[in-house]
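One-letter residues, chain by chain:
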Amino acid sequence: MELTLSLDHGCGKSLQAQIFEQVRALILDGRLRAGMALPPSRMLAERFGISRNTALIAYERLTAEGYVEARGTAGLYVTSIPPDALILIRDAGKAAAQEPAAEASATEPLLCFAGSPGGGGDRPAFDFWVGRSDAASFPLRAWRRIVNRLLADESGYLTDYCDPAGLPDLRRAIADHLGRARGMGVTEDQIIVTAGGQDALNLVVNLLRSHTRQLCIENPCYLGASMLFSSTSLPIHPIPVDGDGIQTDRLPTSPGSLLYVTPSHQFPTGVMMTLARRLALLRWAEETDSYVVEDDYDSDFRYDGPPLTSLAGLDRGRRVLYAGTFSKSVGAGLRIGFAVVPRQMWDDARLLKARMSNGQAWLEQATLAAFINEGHFDRHLRRLRQVYKSRRDALVAALHAHFDTPRISGADSGLHLTWRLPEGFPSAREVQVMAREAGVGAYALSSGAAFDFNGEAADDILVLGYSSLDERKVAEAISKLKRTLSSGGTFGNDGRDDVLSGVRP
Ligand SMILES: Cc1ncc(COP(=O)(O)O)c(C=O)c1O
C-alpha cells in the first residue's frame, strides 16, 4: 500500500525517526489497520528519495516496538492492537485538565539506599552485581577540562544558590536528549534535576502523595523502589511480571493508584513490556485516575537496534511521570538524575524539590550540561555501548560454551541479563551461595539489588550484570561457576548428579 508521509530534511530530526513516528501515528490513529501491509523498504526508499537503510532502520524500530510484524518473506504487517486500547492514545491531553493538586505538605523524609549489602567493601573478585559502570571508561580528560574551565570562568556560582529545579542549561540538554533518544516531546519546564534516579522516584511519590490511595509495583522489582514504597504508610500491591512485562489485568480497579514500572528493561527480569501491555496500562491509568512512574534507568544502552520509545513518549494523556538517571551512562558517584513531570505539575514539583534539598550542586550540573552540549556525551555513549556490547557477547558466549542451550533473556539492552537455570539445577538462591564461595557474585531475583514481595518470584533465574567485568573476567567467572556447579559446591554431589545434566563437559 501507499504511505502518505511528509519528510522534512531540514528539521533537525533524523529521517528514520520521522518515518517511525509518522507510521506509528497512522497505526495508533487507526488509519493503518491490523493486517495491512507496509510497502517494502526498497519501494519506500525510492518513493521518498531516501536510502534503503533509513527505511530499514525505521521498520526495524516499528517491529521492535510491536506495531508491525514480519510474516516470513511476505513483508511487514500491522499487528492487531485492541481497538479499546487505542481510544486513550487518540484522546491526547484529556487528562491534563484533571491534574491533581501536587502534594506539598510535610511527610517523613524518605531515606532510601540501594547500595550493595556489603557496602561495596566485600564484593567477590568476579562480581556480576547489576548496573555498575566501567570505571576505566569514565571520560576523565573531558570532564577535568570542563571542570577547570568552569572554575576559572564561572566560580562565582559556587557561592550562590541555583534554581531548585536544576540549571536551565542542563534541563534543556536533558530535554533534547530525551527527544532524540526516547521519543519524548518535553521541554525544560517539565524537568527537575535530582540526586540520581532514586531521588527522582522520591520526588514523584511525594508529588502525588495526596492523590494516591495505594501503591502498585512490579514483582520482583528494584530494591530502591520497594524501600521507598515501604517507607510510606500506603497499602502496596505487588503485581507479578511475566514474559510480556507487568500483568496489567492484575492491577487494582479502585481509583487513585501510583504504579512503579521499568517497561524498557524490567528490573530485574530484563523483560521489555509489549506494546499491548503498554496500551493496556495507559488505559488502566486513565480509567482508574491513576498515575505511573516509569523508571528508565538503563535505556541509553540498546545493542541490537535503534533506541525504543519510552512509555512516557507514548503517553499523551499525561499519566506517566518519568525518572531518569546519569548513574549508568556517566557515573553513579555523580548523583545526577531527573524527573519529568506534566507541565501542570512542574511548579509544585519545583517547590517540593526546594523543600527537599533546594536543588543540586552547581559544579556537577554545569559540567554535565557542557559535557552533553559539546557532544562528549553522545560520543561517550557510543563508546560505552561498544564496550558493554562486547562484554554482553562474552557473557552469552561463555554461557553457551559451558551450559546446554542456556535460556537467556533481557540481553538486548541494559547492563544485565537473566539466565534461567536448567531443570535439575539447585535453586538460584543456592547457586548464589555456591557461586559466592567460588568468588563469583551471581544473584537470584530476590537478592542483590532486586526485591521479591511475598516470595512470589521464580527461584530458577540468576541476574548477571556484566558492565563492570571485562571479557576475560566474564569468561573466567562463568567457567568458575560451571566448575563449582559440576562439583556440587558445599551442597555436596550426593543425589545431585542431575546438576551435571545441563553442564557441558
Ligand atoms: C532499576 C533501577 N532504578 C533506579 C536506579 C537508580 O539509580 P541512581 O539513584 O543511582 O540514579 C537504579 C540503580 O541501580 C536501578 O537499578
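Coordinates for the structure precede this section.
What comes next is a walk through the structure. (Residues numbered from 1 in each chain as written. Predicted model: local features only at pLDDT ≥ 70, side-chain atom pairs only at ≥ 80, totals over all residues. Heavy atoms only, no water.)

1. Overview of the side chain of R392
So, point 1. In this structure, R392 sits in helix α13 (residues 376-402).
So, point 2. Within the structure, R392 has its side chain in polar contact with the side chain of D304 (distance 2.8 Å).
So, point 3. Excluding anything up to four places from it in sequence, R392 contacts Y303, D304, A411, D412, L417 and Y466. (Helix = DSSP H or I, 4+ residues; strand = E, 2+ residues; numbered from the N terminus. Polar contact = N/O pair within 3.5 Å; in protein donor to acceptor, adjacent residues only side chain to side chain. Contact = heavy atoms within 4.5 Å.)

2. What to know about the packing of helix α14 (residues 428-437) against helix α15 (residues 471-487)
Helix packing for two helices is described by the angle between their axes and how far apart those axes are.
So, point 1. At a minimum axis distance of 9 Å, the contact between α14 and α15 shows a crossing angle of 115°. Between α14 and α15, the angle falls in the class roughly perpendicular. For the pair α14 and α15, the sense of crossing is right-handed. Counted together, V431, M434 and A435 of α14 and L481, T484 and L485 of α15 form the full contact between these two elements.
So, point 2. Looking at the contact of α14 with α15 residue by residue, the class counts come to five nonpolar, one polar and no charged. (Axes fitted to C-alpha atoms, helices over the stretch in contact; angles between N-to-C directions. Parallel < 35°, antiparallel > 145°, perpendicular 65-115°, else oblique. Left-handed = near helix turned anticlockwise from the far one by under 90°. Nonpolar A, V, L, I, M, F, W, Y, C, P; charged D, E, K, R; others polar.)

3. So, the layout of surface pockets
So, point 1. If you add up the space inside the largest pocket, you get close to 1,200 Å³.
So, point 2. In this structure, the largest pocket is lined by 43 residues; those nearest its centre are G179, R180, A181, G183 and P307.
So, point 3. When contributions to the lining of the largest pocket are tallied by element, the ones reaching two or more residues are α1 (15-28), α3 (52-64), α6 (168-182), α10 (311-314), β11 (320-325) and α13.
So, point 4. Tallying contributions element by element places α13 first for the lining of the largest pocket, with six residues.
So, point 5. Taken together, the residues of the lining of the largest pocket break down into 17 nonpolar, 12 polar and 14 charged. (1 Å grid on protein atoms, 1.4 Å probe; cavity = no way out; pocket = protein on both sides within 12 Å on 5 of 7 lines; lining within 4 Å. Points joined across faces, edges and corners; volume = space filled by probe spheres on them.)

4. Overview of the pattern of salt bridges
So, point 1. Taken as a whole and judged by the stated rule, the model has 23 salt bridges.
So, point 2. Between D127 and R132 there is a salt bridge, with its nearest N and O atoms 3.5 Å apart.
So, point 3. Residue E287 pairs with R283 through a salt bridge whose shortest N-O separation is 2.9 Å. Here E287 pairs with R283, and both are found in helix α9 (residues 275-287), just four residues apart, close to one helical turn.
So, point 4. Taking relative accessible area as the criterion, R283 reaches 21% and is therefore assigned partly exposed.
So, point 5. One connected set of salt bridges, linked through shared partners, spans D304, K389, R392 and D393. (Salt bridge = Lys/Arg side-chain N within 4 Å of Asp/Glu carboxyl O. Buried < 20%, exposed > 50% of the residue type's maximum accessible area, 1.4 Å probe, protein only.)

5. Things to note about the site of the ligand
So, point 1. Every residue lining the ligand is accounted for by G196, G197, Q198, Y222, F267, D295, Y297, T325, S327, K328 and R335.
So, point 2. Contact distances for the ligand include 2.5 Å between an oxygen atom and a side-chain N or O atom of T325.
So, point 3. Contact with the protein chains covers 91% of the free accessible surface of the ligand, which is 400 Å².
So, point 4. A total of three residues in the shell around the ligand trace back to one element, the largest contributor, which is helix α7 (residues 196-207).
So, point 5. The residue makeup of the shell around the ligand, split by class, is three nonpolar, five polar and three charged. (Near = heavy atom within 4 Å. Areas by Shrake-Rupley, 256 points an atom, 1.4 Å probe, with all protein chains shown as cover.)

6. Overview of the nonpolar core
So, point 1. Ranked by size, the top nonpolar core spans 110 residues in total, and within it Y67, F326 and L368 carry the most contacts.
So, point 2. Examining the composition of this core, we find that nine residues originate from one element, α13, more than from any other.
So, point 3. If you look at the next biggest cluster of nonpolar residues, it comprises 41 residues, including V204, V205, W346 and L352. (Core = buried A, V, L, I, M, F, W, Y, C linked by side-chain atoms within 4.5 Å.)

7. A word on the sheet that holds strand β10 (residues 291-295)
So, point 1. Pairing within the open sheet is mixed, and its eight strands lie in the order β4-β12-β11-β10-β9-β5-β7-β8. Of all the strands in the sheet, just β4 (191-194) and β8 (245-246) have a single pairing partner and so form its edges.
So, point 2. Pairing of β11 with strand β12 (residues 337-340), which is carried by four bridges, proceeds in the antiparallel orientation. Among the inter-strand pairings, A323 is bridged to a residue of β12, identified as A339.
So, point 3. Along the sheet, α9 contacts β7 (236-242), β8, β9 (257-261), β10 and β11; its crossing angle with β9, the most-contacted strand, is approximately 160°. (Pairing = 2+ DSSP bridges.)

8. Looking at empty space enclosed by the protein
So, point 1. According to the stated counting rule, one finds five cavities of 30 Å³ or more in the structure shown.
So, point 2. Space inside the largest cavity adds up to approximately 150 Å³.
So, point 3. Surrounding the largest cavity, 18 residues form its lining, H177, D300, Y322, T325 and F338 being those nearest its centre.
So, point 4. Contributions of two or more residues to the lining of the largest cavity are made by α6 and β11.

9. Thoughts on unusual backbone geometry
So, point 1. With an omega of 0°, the peptide bond running from N219 to P220 counts as cis.
So, point 2. Among the secondary structure elements, P220 is positioned in the loop between β5 (214-219) and β6 (221-222).
So, point 3. Residue P268 is reached from F267 by a cis peptide bond, and omega for that bond is 10°.
So, point 4. Position of P268 among the secondary structure elements: in the loop between β9 and α9.
So, point 5. Non-glycine residue D289 carries a positive phi angle of around 50°.
So, point 6. Structurally, D289 can be placed in the loop between α9 and β10.
So, point 7. Phi at N358 takes a positive value of approximately 55°, unusual for a residue other than glycine.

10. Side note on α3
So, point 1. Taking 1.5 Å per residue, 13 residues should reach 18 Å; α3 reaches 18 Å between its end C-alpha atoms and fits that length.
So, point 2. T54, A55, A58, Y59, R61 and L62 are the residues of α3 that are buried. All buried residues of α3 lie within an arc of 160° about the axis, which places them on one face of the element.
So, point 3. Looking at the buried positions of α3, the neighbouring elements they touch are α1, α2 (41-48), β1 (68-70) and β2 (76-78).
So, point 4. Positioned one or two residues after α3, G66 has a phi angle of 90°, which is positive. (Expected span 1.5 Å × (residues − 1). Arc of directions from axis to C-beta.)

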